[in-house]
Amino acid sequence: MDGQKISNLENLKKELTGHIHTKWAGQPIYVYESIDSTNAEAARLSAEGAEHGAVIVADTQTAGRGRRGRRWESPAGDNLYCSLLLRPKERTIVPNQAPMLTLVMAVAVAKALQRMMPEQISGTTPVIKWPNDIVLDNKKVCGILTEMRLKGTEIDHVIIGTGINVREREFPQELCAKATSLEAVLGQKISRGELLGEILEEFEALYSEFVQAGDLSRLLTIYNDLLINKDREVTVLDPLGEYFGIARGITGTGELVVELPDGSHREVFAGEVSVRGIYGYV
Ligand code: BTN
């Protein structure tokens, strides 16, 4: 490794790790200039014995992964790409609870952003598009991908990968209409390290509530208050047939409750379908 590369990595480490004040989330942090995917690296480190709470963060990803097998574009210098490794001991959480952690992280990100970008200054506030996109100014600024590995019937690890568009200005053509970045909306600089610190602090507190309850019941009010779809018309893109309704909030296990035109209610599972606002992305 030449001198220039070392100092780039050292600077990156300073930038990204200088604001961590948590007990376990982000202890330790592994920083990379470039990696295929922070989620993939978290899985490799887990196999080598990395601990509950380890965070992997990179300046760029060469094979960033999105939901539903999509790519997550990950240019250098602009954004935050991080993965949190959870290795819950002694069935603290069981496999069917793991998908709910994506929603816990969505709340953590939205709350962290609210703290860093007060609405009076930014003129807008971050919200959640069910189940776990963070939306600012009606466009997506953050995506979350949770992946799990089992050991027998127990969880070996859960990896929560979060990608936040911090200062990206130009998006690929197909994303322009629905993606934006924090700085594009705010018009001022955001520190990636501070953002990471705030997210981990929020997550640590919310995770404890989640583990105690065993589901999202203690986080329902906070999640539903952040939910942009709440009391709005949505199209449910169900492979078995699209339908319309009004989103009423989530259940304690994270399904979206949709009120149908005949007044009945359906619970929508995130794994199977996505929702759109009737006029577009939200
Ligand atoms: C989505 O499709 O909305 C989820 C995107 C998740 C992207 C993040 S970036 C950090 C982590 N590493 C990955 O490869 N993906 C996640």
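Cut-offs applied
Residues numbered from 1 in each chain as written. Predicted model: local features only at pLDDT ≥ 70, side-chain atom pairs only at ≥ 80, totals over all residues. Heavy atoms only, no water. Disulfide = S-S within 2.5 Å. Buried < 20%, exposed > 50% of the residue type's maximum accessible area, 1.4 Å probe, protein only. Helix = DSSP H or I, 4+ residues; strand = E, 2+ residues; numbered from the N terminus. Expected span 1.5 Å × (residues − 1). Salt bridge = Lys/Arg side-chain N within 4 Å of Asp/Glu carboxyl O.

*Asks:* What's the story with the state of the cysteines in this structure? I'm lost.
*Replies:* By definition, a disulfide is the covalent link that joins the sulfur atoms of two cysteine residues. All chains considered together, the criterion is met by zero disulfides. Its sulfur unpaired, Cys82 is 8.3 Å from the next cysteine sulfur, which belongs to Cys142. Residue classification places Cys82 among the buried positions, given a relative accessible area of 8%. Overall, the relative accessible area of 0% leaves Cys142 in the buried class.

*Asks:* Help me understand helix H3 (residues 100-116), please; the structure alone is not making it clear to me.
*Replies:* An α-helix turns once per 3.6 residues; consequently, residues spaced three or four apart project the same way. For H3, which comprises 17 residues, the first-to-last C-alpha distance of 25 Å matches the rise-based estimate of 24 Å (1.5 Å per residue) to within 8%. With 14 of its 17 residues buried, H3 lies for the most part within the structure.

*Asks:* Can you walk me through the pattern of salt bridges in this structure?
*Replies:* Where charged atoms from two side chains of opposite charge come close, those side chains can pair. In total, this model carries 18 salt bridges according to the counting rule given. Where Arg167 meets Glu183, a salt bridge forms, and the shortest distance between an N and an O atom there is 3.4 Å. You can see Arg167 sitting in the loop between strand E7 (154-164) and helix H5 (182-186) and its partner Glu183 sitting in helix H5, a full 16 residues away along the chain. Of the two residues examined, Arg167 and Glu183, each falls in the buried class. Here the salt bridges share partners, and the residues they tie into one network are Lys111, Arg115, Glu198 and Glu202.

Nothing here speaks to function; it is all geometry.
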